[in-house]
Structure formats: C-alpha cells, structure tokens
There are 6 protein chains.
Amino acid sequence: MKRLLITGAAGNLGKLARARLGHMADVLRLSDISDMDPAGPDEEVVPCDLGDEAAVYDLVKDCDAILHLGGVSVERSWDQIQRGNITGVYNLYEAARAHGMPRILFATSNHTIGYYRQDEVLNVTDPMKPDGLYGVSKCFGEAMASMYHSKFGQETALIRIGSCFEKPRDRRMLATWMSPDDFISLIECVFRAPMLGCPIIWGVSDNDLGWWNTDTAKLIGWRPKDNSEAFRAEIEATPCPPADAPQSVYQGGLFTAEPIHKD
Amino acid sequence: MKRLLITGAAGNLGKLARARLGHMADVLRLSDISDMDPAGPDEEVVPCDLGDEAAVYDLVKDCDAILHLGGVSVERSWDQIQRGNITGVYNLYEAARAHGMPRILFATSNHTIGYYRQDEVLNVTDPMKPDGLYGVSKCFGEAMASMYHSKFGQETALIRIGSCFEKPRDRRMLATWMSPDDFISLIECVFRAPMLGCPIIWGVSDNDLGWWNTDTAKLIGWRPKDNSEAFRAEIEATPCPPADAPQSVYQGGLFTAEPIHKD
Amino acid sequence: MKRLLITGAAGNLGKLARARLGHMADVLRLSDISDMDPAGPDEEVVPCDLGDEAAVYDLVKDCDAILHLGGVSVERSWDQIQRGNITGVYNLYEAARAHGMPRILFATSNHTIGYYRQDEVLNVTDPMKPDGLYGVSKCFGEAMASMYHSKFGQETALIRIGSCFEKPRDRRMLATWMSPDDFISLIECVFRAPMLGCPIIWGVSDNDLGWWNTDTAKLIGWRPKDNSEAFRAEIEATPCPPADAPQSVYQGGLFTAEPIHKD
Amino acid sequence: MKRLLITGAAGNLGKLARARLGHMADVLRLSDISDMDPAGPDEEVVPCDLGDEAAVYDLVKDCDAILHLGGVSVERSWDQIQRGNITGVYNLYEAARAHGMPRILFATSNHTIGYYRQDEVLNVTDPMKPDGLYGVSKCFGEAMASMYHSKFGQETALIRIGSCFEKPRDRRMLATWMSPDDFISLIECVFRAPMLGCPIIWGVSDNDLGWWNTDTAKLIGWRPKDNSEAFRAEIEATPCPPADAPQSVYQGGLFTAEPIHKD
Amino acid sequence: MKRLLITGAAGNLGKLARARLGHMADVLRLSDISDMDPAGPDEEVVPCDLGDEAAVYDLVKDCDAILHLGGVSVERSWDQIQRGNITGVYNLYEAARAHGMPRILFATSNHTIGYYRQDEVLNVTDPMKPDGLYGVSKCFGEAMASMYHSKFGQETALIRIGSCFEKPRDRRMLATWMSPDDFISLIECVFRAPMLGCPIIWGVSDNDLGWWNTDTAKLIGWRPKDNSEAFRAEIEATPCPPADAPQSVYQGGLFTAEPIHKD
Amino acid sequence: MKRLLITGAAGNLGKLARARLGHMADVLRLSDISDMDPAGPDEEVVPCDLGDEAAVYDLVKDCDAILHLGGVSVERSWDQIQRGNITGVYNLYEAARAHGMPRILFATSNHTIGYYRQDEVLNVTDPMKPDGLYGVSKCFGEAMASMYHSKFGQETALIRIGSCFEKPRDRRMLATWMSPDDFISLIECVFRAPMLGCPIIWGVSDNDLGWWNTDTAKLIGWRPKDNSEAFRAEIEATPCPPADAPQSVYQGGLFTAEPIHKD
C-alpha cells in the first residue's frame, strides 16, 4: 500500500495508529483539525477541517486506504457534531468516490446502541438505540457507508469501538475495552482482506465480560488477544457505582446521562 | 387537541392533511418553506425554514401534536438534504423538547431500506439499507427519534411511507401505495393512542402485492382499507419495465439509480 | 362427546360456557368451589375444591374433555393462588392421567407476559414476563401442561385469554378483548381437532388494535370474527389514562400495579 | 405471451391448467408422457419423456414461459422418481437455459417438509424435512432452481403445493387445500410479475386451518380467496382418524407412512 | 459483604459452597432442613423449613446476598416439591422483599428444558420443556424471579445448573458437567457485578460436548475453565447406553423416564 | 467396532482416512470406483460403482459404520454426478437400511451454500444456495439423509466439508480449511456418540477467518485444534485476487464460476 490516510491523527486513537502503522504503507498521510506533531520520515501532515468539502477532496487524493478516526468522539453541541460527523462523513465519502474508492475503516461506536441494557446480548443486526447526538451521528455514518456500498461498491469496515485506552478505566470498560494491540491487529485485518463488503464489527478485546456477540469479527479473521480481566483487581479497588446508575445499567454508560449540549 | 402543527404543508401530503384533518384539532398550524394558501378558518399559516433553529422553536410553541411532513422528499443535493432533513430534524426535536414534547408523527420512508430486493419480505427490525442521500437522512431521523424517546420520553410514530398518491403510478407502486384515505386514518390512529412509544410502521395500504410484514400497524390499531389491485388493469396497460431494471429489482425503485446530486 | 367437564362453572366464563356449549356433549359436568345454579337437563353439578386431590380425581372420572376455567382469575394472596392454581393444576393433570387423558383446554392468561410493553409485538415463543402471583401461577400451569404432554401425551390447548367480556371496558381491552362468540368458537375448534398437541394460542378477537402475533390460531382453524373497534367510540368517551400509567404502558395493564396480596 | 408450455398436461393439475389458461398465451404447448386429448385451437400437443434430454430440449424451444407440473407426483420407486423428477428437472433447466430462460413455475410440494408436525407453524426458510423419495426429489428441484437463479438468472416460482382438488378429501386437506380457482390466480400472478426471482410460496388457499406462514405470497401479489371451511361439515361426517395416526400428526400425512417403493 | 445466606447448606452443592465461599462475606449463614455440621468461625447455622413463611422471613433478615440452593433437587412427590420448591420460593422472595432485596443466585436446572433432544442447540430464550415435577417447579421459580424483578427490581441470577459433581458420572454428564471450581467462580461473578438484572445462564463448564449456547455467561464475565474431556476415557470405559435410551436422547436424561412420584 | 466401510477410498480424503483410522475398527473395508492400493492387514479392498445398486448392497453388508466419502467431489457433468452422487446416495441408504442401519458420516459440502457472500455469517439452518450441479447433488444427499432419519431412524452426520488439504492453498481456504488432524478427530467424534441424530456440522478447523457459526460441532463434542493462520504468510506471498473475483466474493469460490459441464 502506498499511502494510508489517517484522519483524527491528533486524537488518542490517531496517535496510536500513527505510532504503530508505519509498516502498512509507504506513506502515512496524517490529518486533523487540531495541531499535530511535524511529519516524520514517510509521513505527510495535512491539517484539514472535515466540514470543508474541497479540503477533504484534496486530502483523500492519492490515498489507497482511509482510517477514519476523525470528527467528534464525545457528546458535543449539534454544530460541532453536524460539522465533523455528519457533513464531514458526507465529504469523506464523496472524496473517496472521486478518488477510486479506497477502502475505509470507519470508527463508529457502541453509542449507536447505548440505550440497550447491560443484561442483554446484542448482535450487530439489532436495531440501533443511540444514546445522544454523538451516537445519532454514528448511526448516520453507518447508514452513509451502507448506501455508498450498495450504490457504488465502496467498501467500509464499520467498527463499533468500545473503549480503546491503555487499560480499562471503570467497571463498564471491563466489558467495552479494546486494547491498543487488538486495535492495531484489527486495522491490519481490515486492510488485508481481498473483499471486505460493509460489515459491522464490535471493536472490543477478548474480555470475559461483555454484551456483544462478536461473530462478525471472523469475517475479517480478527481474533483479539487481550482481556480486561488483567485489570479487574485495579478497577475493583475503586468505588462501585450503584446498580441503578447509568454506568451500571446501560451499555452506553454515562453518555445516556448527558444532556443535549447547547454550545 | 388544541393545535396540530403540520410541517411540509405546501407539499402533496401536507395539502392532503390540511384538507382532511381539520376535525382533529381546534387549530391547524400550517408551515412550509414554500408558499401556502392563505389561512382559512381555524388555521394558522406560519412560513418556516426548518434549518432555522429559532424559527422552528417558535413554530412548535403551543402545539399539542406535530405531523412532520416537512423537509426534502426526494433525492437532492447534500446541502438541501442537510438543511431540511438533518439539521431540520434536530431543530424540530429540540423545539419539541422545549415545549412539552408534543407527540410527533415523523414521515420517514421506504428509502431507508431501498436496496433490499423486491423478492424479500422485510420486518421493521431488519437493518437499514438506504438508497441515496434522502434515504440516509431518513435513517438519521429514525435514529434521532429513537434517542429522544430513550433519553427524554418523546413519543414518535416512525411511518415509513411507501407511495402516497391518489393512485399508484407504476408497477412498483402496486406494492408501495398508500391511499390518501388510509393515510388519514393512520394519522388519526397515531394521535389517539394513550401511549405510543417510538414504533416503526410501514405506511402502506392493504395491497395484495407487497414486501413488508405489517405487523406493527396493529400496535396503533391501524387497519388500512384500500388495495392497489383496483388500479392494476390501468397500470398494466403501460409498458412493463425489464426484470433487471431498478424499478423491478429494488424496493426503493428508481431512487437506487439516482446519482449523488451535486446541486 | 359424552361428557364435557367445565371447571370454574360459577364464574363469568364458566356461565358463558355452560349456556352455550350444551351441543358439544351429551352431558355437561359443571364444577366450582362457589355456588352454582342447579343442574338443568343434560347437566351434572359437582361442587369441588381444586385443591382437594381426591375430589378432583372423582370429578374428572368419565369425562371426555375438560374445559379448565377453574381456579383464581385475578391477583390474590399466595394461599389462594397456591391452592387453586398451583396444587389445583397438579391435581387436575393427575386426575386426567388416571382417567384416560381427556383433552384439556387450559385457560392461561396474558398475565404470563404482562410486563411486556404495549409497543411490542409478541410471539407465543417469547420468554414469559409474568406480572404478579396470578401470572406466575399461569406460567406454572403452562409448564405443567408441557410436561404432561412430553411425558404422557396428554393434549392441552394453552389459551392465553385476553379480556373476555360482553364488550371491552377500557382502552387496553380494545387490544385484549375476546368476544363471547369468539370464545365459544375457539372452544369448538380445540375439541374438534384430530390432533392437538400442546400449542399456545392467544385468546383474542380480530381486533384492529393488538400486540400479539396470532399465527398459532390457525393450528386449530380458529378465525375470530369480532372486532373491538365496534366499541371504540363508547370507550373513547371515557377519560384517557396518562401515557405513563400502567394500563397504558404494559400489556398486563393494572395487574402490574398490584401489590403482593397478603390475605 | 406467445407460447406457454405446460408439462404434466395429462395429470389433474395439467388438465385444469389446460382448461383455464388459454387466455394467458397465444398458444398452449401441452406435454406429458401419458396420453393427452388431441390439440384444440391454439394448442400444441407434444408428448415427451422428461428423462429424455434431447426431447426436452425440443419441447422448451420457442416457449415464453413454463408451467412445470410434470414428473411423478406421488411416492414411487426410485427409478421412476429419478427419471421424472431428478433427471427430468435437470433436463428442463438445461433446455430453458438454451432457449432464453423462460420463466418457470415449478410445482414443488409440502412433502419437502412433510415430517414437521401439524402443531408447528412453518416459514419457507425452515429446513427441509422430506417425507419420502418424492419429497426428496422436490428438495432436489428446489435446489436446482436456486442454483440456476444464482448462476444464470433463471427465474422460478417454487410453489409448494398443498392439495389441489375440487374440494378437500380428508381432515388434513382442510389445512392443505388449494382450490382450482386459487391455483389459476396463482399462476397468473407468477407470470405477470416484472421481476420474480426464485421465491418459495405455499400453494394453499385462505383456509382457516393451516400450518404455514404465507407471507411470501404477497411477493407476487397473490391473495387466495377460497377457504376449506366450506367443506368442513362434509369432511367431519367421515370417520376421524386417531390422534396418533400419520394423517393427524404430520404435515405430510400418509406419505410419512409410505415405504420405499421397490418397483 | 457482611452476610451471605446459603440455603440447602446440607446438600452437595451447599457443602461445596460452605467450604469455598468464606472469603466472600464476613459471615456465612447456613441453612437447611436437614442436619448440618456445627457452625465454625464466621458461620451461623440456622435450620429452616423453606415451607415455613415466618422462619424464612427470619432467615433472610440481615443478609446481603442469598445463594439459594435449597429445596428438592431431584424428582420427588408433589407434596415435597410443592413445599420446598414452590411455596419455598414464594417465601424466599417475600422475605427478600421485606429485607432490602439482597441479590439472589437461584439454582434452577436443565430439567426446565429436559425434553429437548441432545441433537439440538438451545438458547436461554427457547421455550421451556420441563421433564417432571421437579423441572416444572424450576420453571415456576424462574417465573417468580422474573416477576419480582419486573415489579420490585429484585435481582436474581437464574443459573440452570447442569451436573455439578467432582467429575462427570456418565456420558450425558460429559455435556452437562460443571466442575466445582467453575461453580465457585460463577458464584463470585454473580455477586460482584454492579448490576445483575435477572439473566438466565447455563451452569456448565467449558466442555467440548454440549447443547447450550452459553453466550449469556459473558453478561457476568464468567468464563468457565474446566472441560469434561479430562474424564472421557474413564467414562467411556463404562457400558454405552443404547442410542434410543432416555439418557442418550434427551437433554434431561433419565429424569424424562421418571414417573410421577406419589409419595 | 468390527468393520468400518470407507467409500471413496482412492481419493485424497479416503487415503487419509485409510491411513489414520485403523484403530477405530477391526477391519477397514475400502471401496472406490478407481484403483486402490492392495489390502494391508485388517483391510478389505472392495471395488464398487456406487451407481450399481446390487454392488452397493453387498458392499455395505456386515459393516458397523460408514464413512461416505465416495462419489464425485468437484463440478462434473450431470451423468457423472447423477450416477455417483444422486443414485449412488440412494443406493447407499437403501443398502444401509437393509443391513441394520449402520451410522453414516456423509461428506457433504460448503458448495450447498456456495452462493452466499464471504461477508455473511451462516448458520446450518440457513436456506441452501448451491453453486453448481455438485452442490445441488449434496443438497439432495442432505435431504435423503434427513428423510431416512425421520422415516427409519437412520443416523447420519452431515459434515459440510470446507477444504481438507495438508494446508490451505489460497486466500479463500484460510476460511474454509480443515486440517487432516481435525478431520480425523471429527470422524472419531461422530462414531463415538451414543446418539447422533442427523445434525449438520461445518467441517472446518478453528481458523481465525471464517463465515460459519460452528455451534453444532459441540453436539458431538468436536473442538478442532488447527488454525489456518499458520499458513497466512505463505498464502499472502501469492498474488491477491481482485475484490470482485468469484474466489473473493462467494463462499463457494471458483465453483460459482464453473459452467454446466456437458461431458
């Protein structure tokens, strides 16, 4: 692969990808609306506002694959979400269509289904239940990817990321945690498959605790290796939330308790 | 009911609703971005751009129920769809939340699932397969309604309208047709139910031909009466499209053949 | 059929059955723990406490079929429910086993699933969600019937009765109503089938409003004829309960709001 | 339509089709291995052994549609079934492929699922459970039709015929009966659809009694009108089989009790 | 946790729990209707008949969690099952409700579904098929737990125990075996979860052989470690039952061959 | 076991079985239409054309179990497939019925479902989608096995073999590969089970990549050990087929691109 575009390169996942994916392409093209570290060897740094159609068009040019981590990743005001996650996604897919339809890994989220309870096992085909504007924007993104696949053949891996950090940070993340190593191997699986289609895959490690039927991971041959149990003792040393607290009840955790942000 | 808001009142469905729903409320508040006929007795005419947050806020004030037919109803450019069907829907739900959460009938569409084939029977729980930007915007609207229901208790009937015209216009509409009378009775059922929740219901008459399991219609006690067979002879007098034409193959018909509109 | 046993003959359904089922057997054997009218022609009146094993044994002797309407039919204390609906059911099935396994129509209830919401469509295979001790006792009865069918071949029709009255009494019953005529035809269908097995069937008329997929009714060829819509105007003249009231939210209605009765 | 081929034209269904389908095509080409009445106006009579590849090739030539009723329709020896229903079906599909792939209505059978019990509701997607060599041959035919559809685009309506006679002949047929009128309207629906695909449809009237979820009939707009209840009294005047007799227990009835025929 | 109540403490599972769960609570309160060993350090021994409402009320007082292993665990007469497993369960839930609703692990059983065949894979949502009075009583218990959860928020883990012994004792137990170690870890998982709800979980080790989809175990983060294959050679040295013996055919094994016990 | 019959003993799988299964029976009876190596100790070599009814009758005599690998295993002309895989299967089941119904392992194939796409996860209950005459013949074989099981109690393991070679040969086989060791252990599991029934089981190793829900393997206690990932580097050193090539798109791979063989 000649050039892999990473959007959201200034964020946590973006930095992780930047540090670990150099072997996958001759050049990493790194983009964000926020400041990024200067380009190192085999890197291109291209600042870009995803809401800017022309800029996104240029950004995607000459790329063979896109790791789309950009946009807003938490609950924010409508204006921010609309620009980054709604219009930004439209811009990205149009730019991809114009430039040979490079394969996309789209970072969608468990917040598309955040209002399911933590005592339910979900499949990727279960109806969406988003838990805020952010979750709704990710439902939108999944719909957009589906449409571009049906209409034009654009391939996208819709990865519903749980919680990707060095380690889980609370009890809920014992279920949703995806380790950095597993995330990297997931990315490799997505881009090596001869045919991808447009599958939805839970982005979660091999945790003992969980709510998701992870059958579709095998479609790309991804078998995560890490397990949040390694951190259970550490997590259980912190106070336990009540049984009826949002972080105990809902798969989306505290996002369900967020208000609509007005600015 | 004191005041029923009808958005999209200048459109075909809006005119139909205006003409037929006077008995449902003391006042019909009629709104559109296009010109409307002057207010008659027990009517208020309130021009409004759904993309204007403040205007929508005022529009919804003092309404007991909302029949949301507004926004773009065919394939259009992103700018138009984004303003009317994306930001417009956000504005509507925020306005409703600010004004006591009047019940909403949201006109969604079969184009949320337009890429399923005409030889498949669908349930409302089957994954979305939108057939264009318009369909994607309706997927977005369904997600938004779901979220406001989960988070705030806002009730919405998500009516996936087939083809609501005086009579079906082509072979595909023999399957998707919803008669004006059935549409009116559907609206009545939605607003009379003590509890509505946020169900998805196919907006389609009792046609012999069809692709949709209409079980959820009984949740609101709606039993459509009309049948497109009454118009079969008339339709079959027109040329038959080939078996592999989009209008023969896909539930969304010719929408699947639409390009991305660029202006 | 020579002799049809009707338990619960002093209750509303029992009286209805007594008045309307004379044509089905040479003799109706009528039983209840409460007072019954004296035996008319071709009738036997046999008072019986279902909790009395020996009495039930005698009661079932020489019967060719059993319409089991007996036991407690509303929320009551554990002692009453245990005696009538738990031990009483055990006694009935043991007596049937001893006497040639006459076919049984067992009046179970929508209160086996009363905690499902009124915006969900149920199948008979969905997991139980009983709404009180009464509902739990009916889950027990369904389990007992299943076991006697698997182990001994005893046939039972498990009829989950909605609301069987002359007419629906509130908005919820517009969904759950079974007319007396439809109930009578249902009974006829159960006892005429060459093979019955142990199916679960919703006991509900052909109402426009409803929450139940009634597919299994065709297993016995039962097609109810009445529709609660005939009474809608009358019902809607009464005050509408709030959207969040138990009778608006749950399929089991006010039973979900019942406490545990302590005497 | 210029020429409609009817195979099995000397059988009961074939005679019915011959008598009633003249309006559907300029010419009916009638074929059977048994003797047929001489050709009337707008008819061609073409004797043919389906096991003869060259003969079938000639038979299909110049036909616009095929109503395939030919082959063995009851339990017979392997040699007969293999020639008529196995190799015969291969020959038919190869001939169709050579001659422009005229649409086919393939008369398959409830005996593909005959070992399901009469207390189970089936969907067309449930796994096959054939009840004899005949049923196995029809499973084969369904598989062949599916393959030709996937590989070449050949369209077939797989009609799982229940019991098509003037009237039902026993209690089981109260469930499986398809009236001649309904069969004729079914054929019309199959051949008028712009796109057919390869759906499985239960060939059964609108009987009160039944075991099949008939949802797929709407894919072709077929709504049967007749009901076996019209004949219930007549049927119930005959002796009732025991509850554990094959005709009472299995959907395939007495076919389940047939031995393997050895000649 | 201050005090953990273990009912059925004189039984095999109870003794195991007593010996292994001291670390989970300051005090183990041990109860049975049979004789128990005297209380050791941090133990309370409280004999109790579960059929005695007042005694159970006192038993549950001051407990923070309940491991309910008590009642009859094999096929017994109705009187015994009714007292221990029916009224006993009612008494337990009422006592729990009166004392702050301590979380309950309820030992239900594979005999709730014992009449499924050993060539079927089951989910916890499949309809019950109990194999005797004991199995029926466990269906009752599951229904009771569901109702107390819906109505009052009482949490229960419904553990359908397979066969919990030191090692499997026959071929069927190669599928149903749960090792003592796995059982202990299961208990720990149930009581540590911030929110439990009322899930059904198969109580079975990580055996190669099995009939159950164990997806719900991840809801509490339980990943059993043992595998009955370790004992296969030993088991296969014993005579193999015929293919049509109850222990070969049914998931419930020999329970399906038990008569109704009359005393 | 005294005598195990292996059909197709001259083929790759047959040679593997011959070499590795000597421990399972006193005598291996080896059969093929092609030349086989001379009989070694405890072996019988019996040439046989499966299309010859009398010869197959003799072949099966005195066998306690049958490993049916015989017949055509790739796309061939109808005559060859009909003789080996259609009539041959009938002959085998009739011979088994005449000789005490020895248990059969029937080598069916992923080509029964070859037209599903590689981005879909399948269950064994999903409808067939064969990809050629060979696949159709295997659908036929599965139907035949089902019928003999329902009608006579004949047990068969329907093993849908993926790709059984020393190692995977292309990218698609990374998903479908079954190692020789896993195949041998699968055979052992099939013949040791006290009761088998007629389950469908995917014959595939524990590969990271795959499209099949392998739940039914646990019905016989088979847990494959090998993983095609061991060969990924080697495979990825070969050219990658295009995303829209049959071997990339369909589960059946290049079989979907095969024509109908005419000789």
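Conventions adopted
Residues numbered from 1 in each chain as written. Chains lettered and ligands numbered in written order. Predicted model: local features only at pLDDT ≥ 70, side-chain atom pairs only at ≥ 80, totals over all residues. Heavy atoms only, no water. Buried < 20%, exposed > 50% of the residue type's maximum accessible area, 1.4 Å probe, protein only. Helix = DSSP H or I, 4+ residues; strand = E, 2+ residues; numbered from the N terminus. Arc of directions from axis to C-beta. Contact = heavy atoms within 4.5 Å. Polar contact = N/O pair within 3.5 Å; in protein donor to acceptor, adjacent residues only side chain to side chain. Least-squares fit on C-alpha atoms with pLDDT ≥ 70 in both. Axes fitted to C-alpha atoms, helices over the stretch in contact; angles between N-to-C directions. Left-handed = near helix turned anticlockwise from the far one by under 90°. Nonpolar A, V, L, I, M, F, W, Y, C, P; charged D, E, K, R; others polar. Buried area = accessible area lost by both parts, 1.4 Å probe. Salt bridge = Lys/Arg side-chain N within 4 Å of Asp/Glu carboxyl O. Pairing = 2+ DSSP bridges. Right-handed = clockwise from strand over helix to strand, strands pointing away. pLDDT = per-residue confidence, 0-100.

Q: Any chance you could break down helix H2 (residues 53–60) of chain B for me, citing the residues and the numbers?
A: Residues and elements named next belong to chain B. Among the residues of H2, Val 56, Leu 59 and Val 60 are the ones counted as buried. Summarising the axial view, the buried residues of H2 lie within an arc of 85°, below the 170-degree limit, and thus occupy one face. Contacts made by the buried residues of H2 are with strand E1 (3–7), strand E2 (27–31), strand E4 (65–68) and helix H3 (78–98). Among the residues of H2, the N-terminal cap falls to Asp 52, whose side-chain oxygen and the backbone nitrogen of Ala 54 are separated by 3.2 Å.

Q: Any details on the side chain of Thr108(F)? Residues and values, ideally.
A: All names here are of chain F. If you trace the backbone, Thr 108 turns up in strand E5 (residues 103–109). Of the residues examined, Thr 108 reaches a relative accessible area of 2% and is grouped as buried. When sequence neighbours within four positions are dropped, the list of residues in contact with Thr 108 reads Lys 138, Glu 142, Leu 158, Ile 159, Arg 160 and Ile 161.

Q: Account for the relation of the copies chain E and chain C, naming residues and giving values.
A: Laying chain E over chain C is done by rotating through 180° and shifting 0.0 Å along the axis; what remains is an RMSD of 0.0 Å. The two molecules are tied by a two-fold rotation axis, judged by turn and shift. Among all residues of chain E, the minimum C-alpha distance to the rotation axis is found for Phe140(E), at 2.6 Å. An overlap of 100% is found between the interface residues of chain E and their copies at the interface of chain C, pointing to a shared contact surface.

Q: Can you lay out the packing of helix H3 (residues 78–98) of chain A against H3(B) for me, pointing to particular residues and giving the numbers?
A: Two elements in contact, H3(A) and H3(B), have axes separated by 12 Å at closest approach and are oriented at 140°. Seen along the crossing, H3(A) lies across H3(B) with a hand that is right-handed. Taken together, the residues of H3(B) that come into contact with H3(A) (itself represented by Trp78(A), Gln82(A), Ile86(A), Thr87(A) and Tyr90(A)) are Trp78(B), Gln82(B), Ile86(B), Thr87(B) and Tyr90(B). Taken together, the residues of the contact of H3(A) with H3(B) break down into six nonpolar, four polar and no charged.

Q: Give me the lowdown on the interface of chain E and chain C, citing residues and values where you can.
A: Taken together, the contact between chain E and chain C spans 35 residues of the former and 35 residues of the latter. Buried area between chain E and chain C, both sides added, is near 2800 Å², and the carbon and sulfur share of it is 68%. The largest share of the area that chain E buries against chain C comes from Trp78(E), Lys151(E) and Ile260(E), three residues that together contribute 22% of it. At the junction of chain E and chain C, the tally comes to four salt bridges. In this structure, the connection of chain E to chain C is made through 14 residue pairs in polar contact (both at pLDDT 80 or more). Here the side of chain E that touches chain C is built from residues that sort into 19 nonpolar, seven polar and nine charged.

Q: Quick one: what's the story with the pairing of strand E5 (residues 103–109) of chain C, residue by residue and with numbers?
A: All names here are of chain C. By the criterion of burial, E5 is predominantly enclosed, with seven of the seven residues buried. With burial as the criterion, each face of E5 is covered, one bearing Arg 103, Leu 105, Ala 107 and Ser 109 and the other bearing Ile 104, Phe 106 and Thr 108. The pairing of strand E4 (residues 65–68) with E5 spans four bridges and is parallel. Counterpart to Ile 66 in the pairing with E5 is Ile 104. You can see the chain leave E4, run along helix H3 (residues 78–98) and come back into E5, and the turn it takes is right-handed. Examined bridge by bridge, E5 and strand E6 (residues 156–161) share six bridges and lie parallel to one another. Directly across from Thr 108, in E6, lies its bridge partner Arg 160.

Q: Describe in detail the pairing of E1(B), supporting the description with residues and values.
A: Residue and element names in this part refer to chain B. Most of E1 sits inside the fold, with five of its five residues counted as buried. Taking every second residue as pointing to the same face, both faces of E1 are buried, with Arg 3, Leu 5 and Thr 7 on one and Leu 4 and Ile 6 on the other. As paired elements, E1 and E2 share five bridges and run parallel to each other. Looking across to E2, one finds that Ile 6 is bridged to Leu 30. Read as a crossover between parallel neighbours, the route from E1 over helix H1 (residues 12–20) to E2 is right-handed. Sheet topology note: the E1/E4 ladder contains four bridges and is parallel. Bridging across to E4, Thr 7 finds its partner in His 68.

Q: Explain the confidence of the model for chain A to me, using residue names and the numbers behind them.
A: This prediction gives chain A a mean pLDDT of 98; 100% of its residues lie at or above 70. As scored by the predictor, the complex reaches a pTM of 0.97 and an ipTM of 0.98.

Q: Talk me through the pattern of salt bridges; I want residue IDs and the actual numbers.
A: Side-chain pairs of opposite charge can arise whenever the charged atoms involved come near each other. Under the defined criterion, the tally for this structure stands at 102 salt bridges over all chains. A salt bridge links Arg232(B) to Glu229(B); the shortest N-O distance between them is 2.8 Å. Accessibility expressed as a relative area gives 22% for Glu229(B), which makes it partly exposed. Residues Asp181(E) and Arg20(E) are paired through a salt bridge, measuring 3.0 Å at the closest nitrogen-oxygen approach. With Asp181(E) in helix H6 (residues 180–192) and Arg20(E) in helix H1 (residues 12–20), this pair connects stretches of sequence that are 161 residues apart. Because the salt bridges share partners, they merge into one network encompassing Glu53(A), Glu94(A), Arg97(A) and Lys262(B).

Q: Tell me about the sheet that holds strand E2 (residues 27–31) of chain C, and name the residues and values.
A: Residue and element names in this part refer to chain C. With parallel pairing, seven strands are arranged side by side in an open sheet as E3-E2-E1-E4-E5-E6-E9. Unpaired on one side and paired on the other, strand E3 (43–45) and strand E9 (200–203) mark the two borders of the sheet. Each strand axis lies, on average, 20° off the axis of its neighbour in the sheet, ignoring direction. Direction of pairing for E2 relative to E3: parallel, over a ladder of three bridges. If you follow Arg 29 over to E3, its bridge partner there is Glu 44. Against the sheet, helix H1 (residues 12–20) makes contact with strand E1 (3–7), E2, E3, E4 and E6, and its axis sits at roughly 160° relative to E1, the strand it touches most. In this fold helix H6 (residues 180–192) packs onto E1, E4, E5 and E6, with an angle of close to 140° to the strand it touches most, E5.

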